[in-house]
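# Observations on chain architecture
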Amino acid sequence: MKKFKAYGNWVALKTKLKEEHITEQGIVYKDALPENLHVWSEVYSVGECVSDDIKVGDLVYWKLGVNAGAYYTDGDLKLDLVEVQNILLAKSCD
């Protein structure tokens, strides 16, 4: 896998959404995600212009879809790319 590094004021986040379900009968269905969904994500990488308040491994709270189309995928690695000003809360994992 290639190493991914966010640049500038961007933050790369690993977001896990439970959107796919399988019933006991083996039927697969997906949840419809609400438009104004706010989620907690793990920080994967931070750009050099991001303050020291947000570090790799921290959890951040942000509005899903605020940067529609800004994402990175490489095999199983799926990252949301968010500008730091769109992060509402941060929880340090130190």
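Our subject in this report is the structure included herewith. (Residues numbered from 1 in each chain as written. Predicted model: local features only at pLDDT ≥ 70, side-chain atom pairs only at ≥ 80, totals over all residues. Heavy atoms only, no water.)

## Observations regarding the packing of aromatic side chains
The condition is simple: Each aromatic pair joins two rings of Phe, Tyr and Trp (for Trp, the six-membered one) with centres within 6.5 Å, and gets the label stacked for planes under 30 degrees apart, edge-to-face for over 60, and tilted for any other angle. The way it works is that DSSP assigns letters per residue, a run of H or I at least four long becomes a helix, a run of E at least two long becomes a strand, and they are numbered from the N terminus. Only lysine NZ and arginine CZ atoms are considered, and such an atom sits over a ring when it is within 6 Å of the ring centre and within 35 degrees of the ring normal.
Per the stated rule, a full pass over the model turns up two aromatic pairs. On the numbers, 5.2 Å between centres and 45 degrees between planes, the contact of Trp40 with Tyr61 is tilted. Taken together, the residues Trp40 in strand 4 (residues 38-46) and Tyr61 in strand 5 (residues 59-63) connect sequence positions 21 residues apart. We note Lys91 situated over the ring of Trp40; from NZ or CZ to the ring centre the distance is 5.4 Å.

## With respect to the sheet that holds strand 6 (residues 71-74)
Put simply, the rule reads: In short, DSSP must find at least two bridges between two strands for them to pair. Axis geometry follows a simple rule: fit a line to the C-alpha atoms, using only the stretch in contact for helices, then measure angles between N-to-C directions, giving values from 0 to 180 degrees.
If you walk across this open sheet you meet the six strands as 6-7-1-4-5-8, and the pairing is antiparallel. Strands with a single pairing partner mark the edges of an open sheet, and in this sheet they are strand 6 and strand 8 (87-91). Direction aside, the axes of adjacent strands within the sheet are offset by 40 degrees on average. In terms of strand pairing, strand 4 meets strand 5 through five bridges, oriented antiparallel. Of the residues in strand 5, the one forming a bridge with Glu42 is Leu59.

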